[in-house]
Amino acid sequence: VGYLVQEAGYRLGGNIDLSGTKFSDIPNGFGALTAISPVGLAQIFAFIGILETTIMKDVTGTNEFVGDFRNMNPEGGLDFGWDTFDEETKLEKRAIELNNGRAAQMGILALMVHEQLGVSLLPQ
């Protein structure tokens, strides 16, 4: 959705860096990779790395499956009732989530291909 929102012309107000580059000055898609400074890209990747190595991980080693982050909070803050489902419902919900993720990946891949081909993403 973010890709399409930017393509439609909606941007954050203000500056993306201290040198005065505005969010509206950054192009969409692949063009943004060359418009953002290398230090800015390093910040983005460092932030993602910190999230991956410190926050988005199995804290206690008691996860049921890969991606089970319910144990991040000792009080079970991210549970949302998962433990109330029977095993069949859990498998169904996990399959639905995996399929939604796959569909999202295919969608963004299609947007990236259209951008490289020079095809407009939004109707004129």
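Residues numbered from 1 in each chain as written. Predicted model: local features only at pLDDT ≥ 70, side-chain atom pairs only at ≥ 80, totals over all residues. Heavy atoms only, no water.

Peer 1: Before we go on, may I ask you to explain the overall build of the chain in this structure?
Peer 2: Across its full length, the chain carries 4 helices and 0 strands. Mapped from its N terminus to its C terminus, the chain presents α and β elements in the order α-α-α-α. Taking all 124 residues of the chain together, 12% fall into the buried category. (Helix = DSSP H or I, 4+ residues; strand = E, 2+ residues; numbered from the N terminus. Buried < 20%, exposed > 50% of the residue type's maximum accessible area, 1.4 Å probe, protein only.)

Peer 1: Just to check I follow, could you spell out the packing of aromatic side chains for this structure?
Peer 2: Scanning the entire structure with this criterion turns up 0 aromatic pairs. Above the plane of the ring of Phe85 lies Lys93, whose end atom (NZ or CZ) is 5.1 Å from the centre. (Phe/Tyr/Trp six-rings, centres within 6.5 Å; stacked < 30°, edge-to-face > 60°. Lys NZ or Arg CZ within 6 Å of the ring centre and 35° of its normal.)

Peer 1: Explanation requested: helix H4 (residues 87–117) in the structure shown.
Peer 2: It helps to recall that an α-helix has 3.6 residues per turn; residues three or four apart then point in one direction. Taking 1.5 Å of rise per residue, 31 residues should cover 45 Å, and H4 covers 45 Å from first to last C-alpha, within 8% of that figure. Phi turns positive, to about 80°, at Gly118, one or two residues after H4. (Expected span 1.5 Å × (residues − 1).)

Peer 1: Could you clarify how one ought to interpret the pattern of salt bridges in this entry?
Peer 2: Side chains that differ in charge, positive against negative, can pair when their charged atoms come close. Under the counting rule described, the total for this entry stands at 1 salt bridge. Measuring nitrogen to oxygen at the nearest pair gives 3.7 Å for the salt bridge that ties Glu87 to Lys90. Within this pair, Glu87 and its partner Lys90 are both found in helix H4, separated by 3 residues, close to a single helical turn. Relative accessible area serves as the criterion here: at 52%, Glu87 is assigned to the exposed category. (Salt bridge = Lys/Arg side-chain N within 4 Å of Asp/Glu carboxyl O.)

Peer 1: What should I look at first to understand the environment of Gly29 in this one?
Peer 2: Tracing the backbone shows Gly29 in the loop between helix H1 (2–7) and helix H2 (31–35). Taking the C-alpha atoms as reference points, Gly29 and Gln6, 23 residues apart in sequence, are found 9.0 Å from one another. What Gly29 contacts, discounting residues up to four positions off in sequence, is Tyr3 and Glu115. (Contact = heavy atoms within 4.5 Å.)

It is worth stressing that arrangement in space is one thing and function is another; only the former is reported here.
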